[in-house]
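Observations on chain architecture
Residue-level listing of the chains:
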Amino acid sequence: MIAYDYLKPKDLAETFKLLDQHGRKAELIAGGTDVMVVVKQSNRSPDTLISLRGIEELRYIRKNDGYHIGSLTTHRMIEKSTLMQNELAALNQGAAQVGSVQVRNVATIGGNICNAAPSADTAAPLMILDAVITLKSRQGERQVPIREFFVGPSETVKEWDEILTEITIPEQMGTYGTAYCKHARRKAMNLPIIGVAVGLSLNTDETIGDARIALTVAAPTPIRIDEAEDFLRGKSLTDDILKEAGLIASSPECCSPRDSLRCEGWYREDMVRVLIPRVAKEAAMNAKSKMNR
Amino acid sequence: MNTVSISFNLNGDPVVADVPRDWTLLKTLREVFELTGAKEGCGVGDCGACTVIVDGDAVNACLYPIPEIEGKQVLTIEGVAKPDGSLHPIQQAFIENNGVQCGFCTSGMIMSAKALLDETPEPEEADIRSAIAGNLCRCTGYVQIIESIEMATKHE
């Protein structure tokens with residue numbers, strides 16, 4: 001039988017106090033679309049759920065010396081935001097493909113990241129955007145680059161007494177062209193078989209200035225593919241070059257997808273090879289349209 | 001189990017209830033207010049049979065912790081028709097266009113459609129498909145449902 005207490009603090013100070021009181025027996029809940037499912041399916045719940053949903057100060061998207069996204073910002077807010085659509089396309093696309101409208105209306109980006117599913121749709125976009133995660137606790141706060149945030153499936157560096165408050169993206173990332181592809185069997189209500197995000201900046205002669213590639217479901221955590229990124233820098237945007245980047249990224253040195261219920265590892269590898277050129281082309285188009293703006 | 005006293009607006013009327021803290025909105029609607037239009041299908045946010053509108057947004061009532069509903073405006077299928085009983089154009093269109101077969105998904109479908117049309121009165125077919133992507137129907141194959149929603153936009 002489920003029997004948990006449900007507490008609704010009004011601000012961060014009260015939340016830290018409650019965390020202190022209940023310690024590890026409490027768990028934080030935001031939109032609840034992951035936490036509630038685990039509680040219902042396992043018939044096991046923490047003694048206490050501490051809800052962050054009343055903390056309105058953590059619900060915002062701002063551009064001001066970088067992009068600032070409050071952890072309680074819903075996927076729907078990111079999906080509808082014209083700022084996100086125009087400037088951080090990959091993140092907009094990732095958020096817009098989570099679950100259903102009903103899920104996106106309540107599910108938060110902070111929750112998506114803290115849940116740390118290897119398939120999280122906002123993770124690959126945030127990886128190419130060099131997002132920085134702000135974790136606050138009673139003792140103070142620290143900033144963690146997203147590349148160091150994920151430790152394993154459902155595991156992050158966040159301590160039990162810390163709260164993810166903001167995701168910050170450097171302002172220069174707004175000049176990159178970015179794109180995200182969620183490869184799944186269905187168009188909605190599905191987790192990706194593989195997730196691919198690419199960010200490109202182009203030089204005036206349309207050669208590649210900088211390249212960022214991130215994959216989800218290709219390893220126990222979201223990963224960046226440094227080898228393929230290094231290969232692309234300075235090269236021309238040709239089919240052969242992009243194809244080579246796909247080959248590099250799908251090699252065993254770069255990714256290690258596993259067999260799972262959703263599909264076998266070899267297919268994921270194949271799709272990394274196929275999708276990287278496709279997503280890179282979309283990112284390049286996005287970059288060109290920004291240059292012409 | 002300790003309860004929480006909740007006051008919110010339900011289909012236009014202010015209501016108050018004492019509910020166990022670990023209940024969901026769906027359980028409260030069905031067991032306290034006896035509004036059984038919202039259904040429990042999967043219970044984990046996949047099927048959309050429990051869809052209701054909270055402050056203008058379609059949500060899965062089965063995943064909505066009841067303490068979160070304090071002060072909110074909740075609209076269920078029972079509040080969609082006018083008080084005199086005349087049906088909403090979406091309801092009328094579902095009837096005229098065979099958008100209903102077994103009926104289990106219907107209230108959720110209509111709530112998702114209403115949330116869409118309230119915000120986007122003239123949606124493209126792609127918008128309709130996206131709006132009901134979280135509502136499973138195992139009878140119709142969705143074609144009549146999409147046509148019903150398209151028809152409703154012309155009624156309005």
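The structure this text deals with has already been given above.
First things first, this report covers the structure right here in the doc. Fair warning: this is a prediction, and the values are worked out from it, not measured in the lab.

Another point: the overall build of chain A. The secondary structure content of chain A amounts to 11 helices and 14 strands. In terms of overall dimensions, chain A is globule-like: its C-alpha atoms have a radius of gyration of 19 Å, near the 19 Å expected for 293 residues. The principal-axis extent of the C-alpha atoms belonging to chain A is close to 60 × 45 × 35 Å. Considering only contacts in chain A between residues 6 or more positions apart, those separated by 24 or more positions represent 64%.

Before going further, it helps to spend a moment on the sheet that holds strand S13 (residues 208-216) of chain A. By definition, the strands of a sheet pair up through backbone hydrogen bonds, in either a parallel or an antiparallel sense. All names here are of chain A. A sheet is described by the order of its strands in space; here four strands give the open sequence S11-S12-S13-S14, paired in antiparallel fashion. Of all strands in the sheet, those with a lone pairing partner are strand S11 (177-183) and strand S14 (223-224), marking the two edges. In terms of strand pairing, S13 meets S14 through two bridges, oriented antiparallel. Bridging across to S14, Leu-215 finds its partner in Ile-223. Contacts from helix H5 (residues 89-96) reach S11 and strand S12 (194-202) within the one sheet, and its direction differs from that of S11 by about 25°.

All names here are of chain A. Phi at Asp-130 takes a positive value of approximately 50°, unusual for a residue other than glycine. You can see Asp-130 is positioned in the loop between helix H8 (123-128) and strand S6 (132-137). According to the C-beta neighbour criterion, Asp-130 is partly exposed, with 18 such atoms within 10 Å. You will see that Ser-154, though not glycine, has its phi angle at about 60°, which is positive. Position of Ser-154 among the secondary structure elements: in the loop between strand S8 (150-152) and strand S9 (155-156). By C-beta crowding, Ser-154 is classed as partly exposed, having 14 other C-beta atoms within 10 Å.

All right, on to the packing of helix H10 (residues 239-249) of chain A against helix H11 (residues 265-291) of chain A then. All names here are of chain A. Contact geometry of H10 with H11 gives a least axis separation of 7 Å together with a crossing angle of 135°. By the angle class used here, H10 and H11 are oblique. Pair H10 / H11 crosses with right-handed handedness. Between H10 and H11, the residues in contact are Asp-239, Leu-242, Lys-243, Ala-245, Gly-246, Leu-247 and Ala-249 and Val-272, Arg-273, Val-274, Ile-276, Pro-277, Ala-280 and Lys-281, respectively. Residues that form the contact of H10 with H11 fall into these classes: nine nonpolar, one polar and four charged.

Attention shifts here to the environment of Ala-133 of chain B. Locating Ala-133 of chain B in the fold gives a position in the loop between helix H4 (125-131) and helix H5 (143-155). Classification of Ala-133 of chain B by C-beta neighbours within 10 Å gives buried; the count is 20. For Ala-133 of chain B, the contacting residues outside a window of four places in its chain are Ser-100, Ala-188 and Met-189 of chain A.

So, about the sheet that holds strand S3 (residues 48-51) of chain A. Residue and element names in this part refer to chain A. Read across the open sheet, the three strands follow the order S1-S3-S2; overall the sheet is parallel. The outermost strands of the open sheet, each flanked by one partner alone, are strand S1 (5-7) and strand S2 (26-29). Neighbour to neighbour, the strand axes of the sheet diverge by 25° on average, direction disregarded. Of the strands in this sheet, S1, S2 and S3 touch helix H1 (residues 12-22), which is tilted by about 165° from S3.

Definitions and limits used
Residues numbered from 1 in each chain as written. Chains lettered and ligands numbered in written order. Predicted model: local features only at pLDDT ≥ 70, side-chain atom pairs only at ≥ 80, totals over all residues. Helix = DSSP H or I, 4+ residues; strand = E, 2+ residues; numbered from the N terminus. Rg over C-alpha atoms; globule rule 2.2 N^0.38 Å. Contact = placed C-beta atoms within 7 Å. Pairing = 2+ DSSP bridges. Axes fitted to C-alpha atoms, helices over the stretch in contact; angles between N-to-C directions. Buried ≥ 20, exposed ≤ 12 C-beta atoms within 10 Å, placed from the backbone. Parallel < 35°, antiparallel > 145°, perpendicular 65-115°, else oblique. Left-handed = near helix turned anticlockwise from the far one by under 90°. Nonpolar A, V, L, I, M, F, W, Y, C, P; charged D, E, K, R; others polar.

What is shown is where atoms sit, not what they do.
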